[in-house]
Amino acid sequence: MTAQLNARGDVAVVVPAAGAGLRLGPGAPKALRLLEGEPLLVHAVRRLAAAPSVRMIVVAAPRADVAAVQALLAPVASVTVVAGGAERQESVAAALAVVPDEVPIVLVHDAARCLTPPSVTERVAAAVRGGADAVIPVLPVVDTIKEVSADDVVLGTVDRSVLRAVQTPQGFRAAVLRAAHEAAADSHTDDAGAVEKLGIPVRCVPGSDLALKITRPLDLALATHLLAMPDPETPPARPGPLV
Ligand code: CTP
Ligand code: MG
């Protein structure tokens with residue numbers, strides 16, 4: 001069933017999905033690889049479309065696959081598809097270029113984080129709506145982290161309590177994201193990094209284990225299991241009356 005986006009929502013989501021997925025091994029571009037029979041991008045767009053604040057979704061697809069991605073997503077939700085670029089940053093810029101100026105909040109969400117629950121999208125959007133210029137979903141770091149020299153000798157143990165692993169969607173006041181992209185001279189792996197370089201504070205909100213990025217084959221195997229798990233933040237449907 002085609003999901004109806006909320007025409008009165010205040011959020012556009014830009015979805016970079018034009019990467020090759022080299023670390024996943026040989027095959028189709030990553031966003032088009034299958035997870036339980038459906039492309040990662042379909043899983044991602046379905047969850048974005050289920051977030052009530054979202055009024056527009058723009059996907060940056062591999063240039064050769066724009067028409068195929070349009071056809072693939074048409075039954076999922078009303079989505080705009082543009083051709084991505086050689087770098088993630090270029091793909092984000094191409095998608096951002098078609099977001100109308102009147103949309104006040106823009107989220108950037110990796111197609112590769114295809115199981116991100118709508119609750120995370122809403123939490124990020126709400127923090128921007130509440131006044132933050134830039135918002136990132138984060139998780140505490142669970143491993144012990146060491147700093148090491150080029151020849152693999154430990155230099156020290158990093159204080160884990162001040163570290164966070166960063167996920168997407170990252171949310172921005174639209175004008176702030178546009179300014180950061182225009183100012184970014186060198187390449188950056190996340191959009192909040194470009195905002196940081198402008199000296200603008202970036203706020204953290206809780207992320208989700210379900211928002212893992214599918215990067216290597218192990219992640220795909222993990223995602224297959226996670227697909228069967230309910231979003232821990234969505235209360236289960238109330239049971240019907242007992243008879
Ligand atoms: N991406 C993109 N355009 C690019 C490169 C990446 O839109 N030129 C997107 C990917 O499709 C993905 C997100 O950015 O949704 C995060 O990138 P990553 O996980 O690195 O995906 P890939 O670049 O596809 O994977 P790899 O680096 O293993 O090739
Ligand atoms: Mg990449």
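Residues numbered from 1 in each chain as written. Chains lettered and ligands numbered in written order. Predicted model: local features only at pLDDT ≥ 70, side-chain atom pairs only at ≥ 80, totals over all residues. Heavy atoms only, no water.

### Observations regarding the packing of helix α3 (residues 88-96) against helix α5 (residues 174-183)
Piece 1. Viewed as axis vectors pointing N to C, α3 and α5 meet at an angle of 135°, and their least axial separation amounts to 11 Å. What the angle tells us is that α3 and α5 run oblique. Between α3 and α5 lies a crossing of left-handed hand. Along the contact surface, α3 presents Gln89, Val92, Ala93 and Leu96, while α5 presents Leu177, Arg178 and His181.
Piece 2. Residue classes in the contact of α3 with α5 are distributed as 4 nonpolar, 2 polar and 1 charged. (Axes fitted to C-alpha atoms, helices over the stretch in contact; angles between N-to-C directions. Helix = DSSP H or I, 4+ residues; strand = E, 2+ residues; numbered from the N terminus. Parallel < 35°, antiparallel > 145°, perpendicular 65-115°, else oblique. Left-handed = near helix turned anticlockwise from the far one by under 90°. Contact = heavy atoms within 4.5 Å. Nonpolar A, V, L, I, M, F, W, Y, C, P; charged D, E, K, R; others polar.)

### Thoughts on helix α7 (residues 217-226)
Piece 1. Buried within α7 are the following residues: Asp219, Leu220, Ala223 and Leu226. When α7 is viewed along its axis, its buried side chains cluster within an angular range of 120° and face the same direction. With respect to the buried face of α7, the exposed residues turned more than 90 degrees away are Leu218 and His225.
Piece 2. Those residues of α7 that are buried are in contact with β2 (34-35) and α1 (40-49). (Buried < 20%, exposed > 50% of the residue type's maximum accessible area, 1.4 Å probe, protein only. Arc of directions from axis to C-beta.)

### Things to note about the site of ligand 1
Piece 1. Pro16, Ala18, Leu22, Ser91 and Lys213 are the nearest of the 18 residues found near ligand 1.
Piece 2. The separation between a nitrogen atom of ligand 1 and a polar side-chain atom of serine 91 is 2.7 Å.
Piece 3. Contact with the protein chains hides 87% of the accessible area of ligand 1, taken as 560 Å² for the molecule alone.
Piece 4. Under a 2 Å grid-point criterion requiring more than half of the atoms, the pocket assigned to ligand 1 is the largest pocket.
Piece 5. Of the residues that constitute the shell around ligand 1, the class distribution is 8 nonpolar, 4 polar and 6 charged. (Near = heavy atom within 4 Å. Polar contact = N/O pair within 3.5 Å; in protein donor to acceptor, adjacent residues only side chain to side chain. Areas by Shrake-Rupley, 256 points an atom, 1.4 Å probe, with all protein chains shown as cover. 1 Å grid on protein atoms, 1.4 Å probe; cavity = no way out; pocket = protein on both sides within 12 Å on 5 of 7 lines; lining within 4 Å. Sits in = over half its atoms within 2 Å of the grid points.)

### A look at the side chain of histidine 109
Piece 1. With respect to the helices and strands, histidine 109 occurs in the loop between β6 (105-108) and α4 (118-129).
Piece 2. Judged by its relative accessible area of 1%, histidine 109 falls in the buried class.

### Things to note about the layout of surface pockets
Piece 1. In this structure, the largest pocket occupies an estimated 780 Å³ of space.
Piece 2. Lining of the largest pocket is provided by 29 residues; of these, Gly19, Arg23, Arg88, Asp110 and Lys213 occupy positions nearest its centre.
Piece 3. The biggest single contributor to the lining of the largest pocket is α3, with 3 residues.
Piece 4. Considering only residue class, the lining of the largest pocket consists of 10 nonpolar, 11 polar and 8 charged. (Points joined across faces, edges and corners; volume = space filled by probe spheres on them.)

### So, the side chain of arginine 47
Piece 1. By secondary structure assignment, the location of arginine 47 is in helix α1.
Piece 2. Among buried Asp, Glu, Lys and Arg side chains, arginine 47 stands out as unpaired, with glutamate 38 the closest opposite charge at 6.7 Å.
Piece 3. Apart from the residues within four sequence positions on either side, arginine 47 is in contact with Cys114, Leu115, Thr116, Pro118 and Leu227. (Lys, Arg positive; Asp, Glu negative; His and termini not counted. Salt bridge = Lys/Arg side-chain N within 4 Å of Asp/Glu carboxyl O.)

### Points about the nonpolar core
Piece 1. Within the largest apolar cluster, 34 residues are counted, with the highest numbers of intra-cluster contacts made by Val15, Leu41, Val45, Ile57, Val59, Leu73 and Val79.
Piece 2. Secondary-structure elements contributing two or more residues to this core are β1 (11-16), α1, β4 (54-61), α2 (66-73), β6 and α4.
Piece 3. Here valine 59 is in contact with Val15, Ala17, Leu41, Val45, Val69, Leu73, Val79, Thr80, Val81 and Val82, once residues within four sequence places are set aside.
Piece 4. In terms of nonpolar packing, the next biggest core, distinct from the first, is built from 24 residues, Met56, Val58, Val108 and Ala174 among them. (Core = buried A, V, L, I, M, F, W, Y, C linked by side-chain atoms within 4.5 Å.)

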